[in-house]
Amino acid sequence: EAEVAQSPRYKITEKSQAVAFWCDPISGHATLYWYRQILGQGPELLVQFQDESVVDDSQLPKDRFSAERLKGVDSTLKIQPAELGDSAMYLCASSRGQGGFDTEAFFGQGTRLTVV
Amino acid sequence: AQSVAQPEDQVNVAEGNPLTVKCTYSVSGNPYLFWYVQYPNRGLQFLLKYITGDNLVKGSYGFEAEFNKSQTSFHLKKPSALVSDSALYFCAVRDPYGNNRLAFGKGNQVVVIP
């Protein structure tokens, strides 16, 4: 069964350092999402790609966060500099086709970030 | 903007009893609704979705959900709960007349007591 791959699974970084997460969506999935999930809350969308283009980054803190999906396949989410409040689970998801409203998203196992 | 509410923080149920996890939604038009389950330190797993048609939707692991337009609800149900159903459950909604954002509720912790 195809899965969304994420790495690393766990990351501990010091405040003010840079950190990066990688995601490889299910093959053929054109839409890719990055979500942030703070403990005890539901996932919050950070950025959504359609192929290599950003279609929604309205909730991405652009002063410190960046995301790219250069060839429309895998994606990287970067935080620089990391802050204590960035400690959370970062989830990547993908959906098939053009990410229509009726298509479900498939999630990776996530990267648990701890900023110390 | 679309949103969902999951009013209960935790749902406790005895093994073998019916399980219900509540969800209400708010969108400008007809909603597309989803349920996901999350086990500790794992990503979300898709359970089922309502797009159109029959108000009773059947999904994975014996779960089903009932769409009620007049009450703007999409409650998740299982006739007989298992201990392995203990997990975090999320309701989510897309607004087909708005952006394509999948908005999640805060989640409900389900505890099935042996």
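Residues numbered from 1 in each chain as written. Chains lettered and ligands numbered in written order. Predicted model: local features only at pLDDT ≥ 70, side-chain atom pairs only at ≥ 80, totals over all residues. Heavy atoms only, no water.

If you tally the helices and strands in chain A, you get zero helices and 11 strands. Counted from the first residue to the last, chain A has its helices and strands arranged as β-β-β-β-β-β-β-β-β-β-β. Here chain A has a C-alpha radius of gyration of 13 Å; the compact-globule value for 116 residues is 13 Å, and the two agree. Projecting the C-alpha coordinates of chain A onto the three principal axes gives extents of approximately 40 × 30 × 25 Å. Here chain A holds 116 residues, and the buried ones make up 47% of them. (Helix = DSSP H or I, 4+ residues; strand = E, 2+ residues; numbered from the N terminus. Rg over C-alpha atoms; globule rule 2.2 N^0.38 Å. Buried < 20%, exposed > 50% of the residue type's maximum accessible area, 1.4 Å probe, protein only.)

Under the counting rule described, the total for this entry stands at two disulfides over all chains. The disulfide partner of Cys-23 of chain A is Cys-92 of chain A, and the gap between their sulfur atoms is 1.9 Å. Across the S-S bond linking Cys-23 of chain A and Cys-92 of chain A, the dihedral sits near -70 degrees, which makes this disulfide left-handed. One end of the pair, Cys-23 of chain A, is in strand E3 (residues 19-24); the other, Cys-92 of chain A, is in strand E9 (residues 88-95), and 69 residues separate them in sequence. Considered together, Cys-23 of chain A and Cys-92 of chain A belong to a single accessibility category, that of buried residues. There is a disulfide in this structure between Cys-23 of chain B and Cys-91 of chain B, and the S-S distance comes to 2.0 Å. Disulfide Cys-23 of chain B-Cys-91 of chain B: torsion about the S-S bond near -65 degrees, hence left-handed. With Cys-23 of chain B in the loop between strand E3 (19-21) and strand E4 (24-26) and Cys-91 of chain B in strand E10 (residues 87-94), this residue pair connects regions lying 68 residues apart in the sequence. (Disulfide = S-S within 2.5 Å.)

Geometry only, nothing functional implied.
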